[in-house]
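Given next are the chains, with one letter for each unit.
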Amino acid sequence: RFKKSKPLLVQSANPQWKDSVRKLIGLTMNKEQIIEAYPEFFPDRIDFSIGEGWLGLINVICEKMSRRIESLDRNIEQAKKLLATATRVGHVENAKYWRKDLRQSKADKKALSEQPFKFLQIKEKFGSLRIYYRGGLSGFGEWISFAERFAEELCEDCGNRSEVRTDGWIRTLCIPCAEKMKES
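From a predicted model like this one, the values you see are computed outputs, not experimental measurements. The numbering scheme is per chain: residues are counted from 1 as the chain's sequence reads. Local features in this predicted model are restricted to residues whose pLDDT is 70 or higher, and side-chain atom pairs enter the listing and the counts only when it is 80 or higher, whereas totals over whole chains, interfaces and linings include all residues. Where side-chain values are given, they derive from all heavy atoms of the structure, hydrogens and water being excluded.

## Here's the deal with the packing of aromatic side chains
Counted only if it meets this: Here a pair means two rings of Phe, Tyr or Trp (six-membered ring of Trp) with centres within 6.5 Å. Their orientation is stacked below 30 degrees between planes, edge-to-face above 60, and tilted elsewhere. Relative accessibility decides the category of a residue: with a 1.4 Å probe and only protein chains considered, values under 20% of the type maximum give buried, values over 50% give exposed, and everything between is partly exposed. For a Lys NZ or an Arg CZ to count as sitting over a ring, it must be within 6 Å of the ring centre and within 35 degrees of the ring normal.
A complete count under the given rule lists ten aromatic pairs for this structure. Pairing Tyr-38 with Phe-41 gives two aromatic rings, centres 6.0 Å apart and planes at 15°, and the pair type is stacked. For the pair shown, Tyr-38 and Phe-41 are each scored as buried. Relative to Trp-98, the ring of Tyr-97 has its centre 4.8 Å away and its plane inclined at 80°; by these criteria the two rings are edge-to-face. By the ring-pair criterion, three or more aromatic residues cluster together here, those being Tyr-38, Phe-41, Phe-42, Phe-48, Phe-117, Phe-119, Tyr-133, Phe-140 and Trp-143. The residue whose ring lies beneath Lys-64 is Trp-143, and the NZ or CZ to ring-centre distance is 5.5 Å.

Following this line, the structure appears as structure tokens:
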């Protein structure tokens, strides 16, 4: 009997991301549930061709992006208040900072309204996760790249620690899933 091993984490990953991945990677959401939970990211109801083991990564990405988008309005209101306070009390450096932050948050909101984030395709190719998308905010591309790199260490079928195997097809599988595949 095999134990479920903990996934390896990409060395360059942000520690906050590592915690998010640890918490969410084990979630057992199927593709339809992810699409239903984040319909704004799947307006064209794409089908993604990946195994169950990588769905937790897609869920993590969607959760992070959703929270980032939801925080835009709060950031704008907070920056307005802090800019007003800094200006009123004469803190020039603080006022510059909050003015810049307010401009960036407004620019992000405008960019998102002009080009909303959406997944175009999510698939496995040559044993690795490929995610194609359009739109979004700064940081989204980094999160997606992280998930693609992280998937190289997760079994695409079950999510356990794995490695790329080339038994005919190139796939990222743990030992038990690779053995099951050979048997079938």
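Having seen it, we continue.
## A short note on a nonpolar patch on the surface
Our working definition: Patches in this entry comprise residues that are over 30% relatively accessible and not in a salt bridge; like charges within 9 Å are linked, as are nonpolar side chains (Val, Leu, Ile, Met, Phe, Trp, Tyr) within 5 Å. To be clear on the numbers: accessible area is Shrake-Rupley with a 1.4 Å probe, and residue cover counts the displayed protein chains and nothing else. Throughout this description, the term salt bridge denotes a Lys or Arg side-chain nitrogen within 4 Å of a carboxyl oxygen of Asp or Glu. We count a stretch as a helix when DSSP gives it H or I for four or more residues in a row; a strand needs E for two or more, and each element gets its number in order from the N terminus.
Among the surface-exposed residues, Phe-126, Val-164 and Ile-170 lie close enough to one another that they form a single nonpolar patch of about 270 Å² accessible area. Summarising the element assignment, Phe-126 is placed in the loop between strand 1 (118–125) and strand 2 (128–134).

## Comments concerning the environment of Ser-66
Test applied: Any two residues whose heavy atoms approach within 4.5 Å are treated as being in contact.
Within the fold, Ser-66 resides in helix 3 (residues 55–89). Given a relative accessible area of 12%, Ser-66 falls into the buried group. For Ser-66 and Phe-41, which are 25 residues apart along the polypeptide, the C-alpha to C-alpha distance reads 9.0 Å. Apart from the residues within four sequence positions on either side, Ser-66 is in contact with Tyr-38, Glu-40 and Phe-41.

Scope: geometric values only; no functional claims are made or implied.
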